[in-house]
Amino acid sequence: MKNKKVLMTILSGLFLILLAGCGAKEETAKINKEPYSDQQSLLGTYVQVRIYDDGKKDVLDKAFARVKELGDKITVNEKGSEIDAINEQAGVKPVKVSDDVYPLIKRAYEYSEDSSGGFDMAIGPITQLWHIGFDDARKPSQEEIDQALKLVDYHKVKLNDEDQTVYLEEKGMQLDLGAIAKGYITDEVVKVLKDNGVTTAIVDLGGNVFVLGHSPRGKDMDWNVGIQDPNKARNTVVGTVQESNKTLVTSGIYERYLKVDGETYHHLFDPKTGYPFDNDIAGVTVITKKSIDGDGLSTAVFSMGVKKGLEYAEGLKDVDVIFVTKEDKVYVSKDIEKVFELGKDSGYTMGDRKDLR
């Protein structure tokens, strides 16, 4: 949505953060109009942190150090990664993991259960087989997919809280926490900011966006957040919502994909079929208080389709969703129906729930 009163646009992988200046009040001396900012290529994406608190530039280094520290422990196929160590010992023995990694794995297991396997933390054999997003991506044979599916079962991930160990029961099983790790890391970066006295900032881990505090353009003003159009180039928005101290996470078919014989395969895989989810969703944005929840839920509700996804999300506390369909319709959860603004020139229309099947 274009707004002549928008004073500043922050371009991210999947979101635009717009600092609305309408009715802005005088800034306090402690908050800068222009942020201290850094952007680095990490976790296979662009990571950007912007801090508006005066005198807090040094916190940027601490924030990026935390991203790197966690990335080294969590990333699949990363030398020395704790997740790699678990995968290498599949069917052999439990692996003790650090205080940083165990809570993430526990949460991933909980989301696997809550979504009835729509989100499956043990999807690794399938994602590694297709390898979408990498130079060696390919469409596997049906036989390969069938064999890999036998190893996809989060029930066979055994956790021991007392010893803090993780054990994959069968050889060849693989954890892949890519669908939830960025959310966890985003939350950890926000902790670093808060622990160092930062009150106003934006953290963006390749589309996992957290808006901390209120917009620096006025006292108690929310950030005006533009939602990425899943069917167009980056930095094109469908509409906007206003939020503070919230995180917005998107999953969409546009992020990474593979084209084979005229057919497009996206990177969000159905653990039951071994193929990308095939439903009416082009993209979904989840708004929550914690980014790890937004990450887990974005995959979970994507697996359900719009109708069931809306119903599921609305049954949860402090969760809002925005669905964009392949038919250029937009559906939002009830609590944000009045605050979501559809872009006049977006080319989309608001969908009618009565039409959902």
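Along every chain, residues carry numbers that run from 1 in the direction the sequence is written. Whole-chain, interface and lining totals are the exception, using all residues; otherwise, since this is a predicted model, local features are given only for residues with pLDDT of at least 70 and side-chain atom pairs are given and counted only at 80 or more. Hydrogen atoms and water are omitted, and side-chain values are computed over all heavy atoms in the structure.

- If you look the chain up in an unreviewed UniProt entry, it shows as FAD:protein FMN transferase from Enterococcus wangshanyuanii.
- In its Function (unreviewed entry) section, the UniProt entry covering the chain states "Flavin transferase that catalyzes the transfer of the FMN moiety of FAD and its covalent binding to the hydroxyl group of a threonine residue in a target flavoprotein."
- UniProt positions are given in the numbering used here, feature names are shortened, and annotations may be inferred rather than shown by experiment. The Subcellular location (unreviewed entry) field of the UniProt record for the chain holds the comment "Cell inner membrane".

### Overview of the pattern of salt bridges
- Each salt bridge in this description consists of a side-chain nitrogen of Lys or Arg and a carboxyl oxygen of Asp or Glu lying within 4 Å of one another. Tallied over the entire structure, the rule returns 14 salt bridges.
- Residue Lys156 is joined to Glu170 by a salt bridge in which the shortest nitrogen-to-oxygen separation is 2.3 Å. Taken together, the residues Lys156 in the loop between α5 (142-149) and β6 (157-160) and Glu170 in the loop between β7 (165-168) and α6 (181-195) connect sequence positions 14 residues apart.
- The class for Lys156 is partly exposed, based on a relative accessible area of 22%.
- Any residue under 20% of the maximum accessible area for its type is buried, any over 50% is exposed, and the rest in between are partly exposed; the area is computed with a 1.4 Å probe on protein chains only. Glu170 gets classed as partly exposed once you look at its relative accessible area, which sits at 30%. In this description a helix means any DSSP run of H or I spanning at least four residues, a strand means any run of E spanning at least two, and both kinds are numbered starting from the N terminus.

### What to know about the packing of helix α1 (residues 59-74) against α6
- At a minimum axis distance of 9 Å, the contact between α1 and α6 shows a crossing angle of 150 degrees. It follows from the interaxial angle that α1 and α6 lie roughly antiparallel. Like other packed secondary-structure pairs, α1 and α6 cross with a definite hand, here right-handed. Taking contact as the criterion, the partners of Val59, Lys62, Ala63, Arg66, Val67, Leu70, Gly71 and Ile74 in α1 are, on α6, Ala181, Tyr184, Ile185, Glu188, Val189, Val192 and Leu193.
- Throughout, the ten residues Ala, Val, Leu, Ile, Met, Phe, Trp, Tyr, Cys and Pro are labelled nonpolar, Asp, Glu, Lys and Arg are labelled charged, and all others, Gly among them, are labelled polar. Residue composition of the contact of α1 with α6, by class: eleven nonpolar, one polar and three charged. Axis definition: a line fitted to C-alpha atoms, limited for helices to the stretch in contact. Angles are taken between N-to-C directions and run from 0 to 180 degrees. An angle below 35 degrees is read as roughly parallel, one above 145 as roughly antiparallel, one from 65 to 115 as roughly perpendicular, and any other as oblique. Each crossing is labelled by how the near helix is turned from the far one, with a counterclockwise turn of less than a right angle marking it left-handed and a clockwise turn marking it right-handed. A contact between two residues is defined here by any heavy atoms of the two lying within 4.5 Å.

### Thoughts on the sheet that holds strand β9 (residues 208-212)
- Pairing is mixed across the open sheet formed by nine strands, whose spatial order is β3-β4-β8-β9-β12-β15-β16-β17-β19. Either end of the sheet is taken by a strand with one partner, and the two such strands are β3 (31-42) and β19 (349-350).
- Examined bridge by bridge, strand β16 (residues 320-325) and strand β17 (residues 329-332) share three bridges and lie antiparallel to one another. Each residue of the ladder has a partner; that of Val324, found in β17, is Val330.
- Where α1 meets the sheet, its contacts fall on β3 and β4 (45-53), and the angle it forms with β3 comes to roughly 30 degrees. Between any two strands, pairing holds if DSSP finds at least two bridges.

### Remarks on the sheet that holds strand β5 (residues 95-96)
- Judged by pairing direction, the sheet is antiparallel, and its three strands sit side by side in the order β5-β7-β6 without closing on themselves. Only two strands of the sheet have a single neighbouring strand rather than two, namely β5 and β6.
- Pairing analysis gives four bridges linking β6 to β7, with the strands arranged antiparallel. The partner of Asn160 across the bridge, within β7, is Thr165.
- Its contacts with the sheet place helix α3 (residues 102-114) against β6 and β7, and it is angled at close to 130 degrees to β6.

### Observations concerning unusual backbone geometry
- Of note, the phi angle at Asp220 is positive, near 65 degrees, even though the residue is not glycine.
- Within the secondary structure, Asp220 is located in the loop between β9 and β10 (223-228).
- For Asp220, a relative accessible area of 54% corresponds to the exposed category.
- Unusually for a residue other than glycine, Asp328 sits at a positive phi of about 65 degrees.
- Of note, Asp328 is situated in the loop between β16 and β17.

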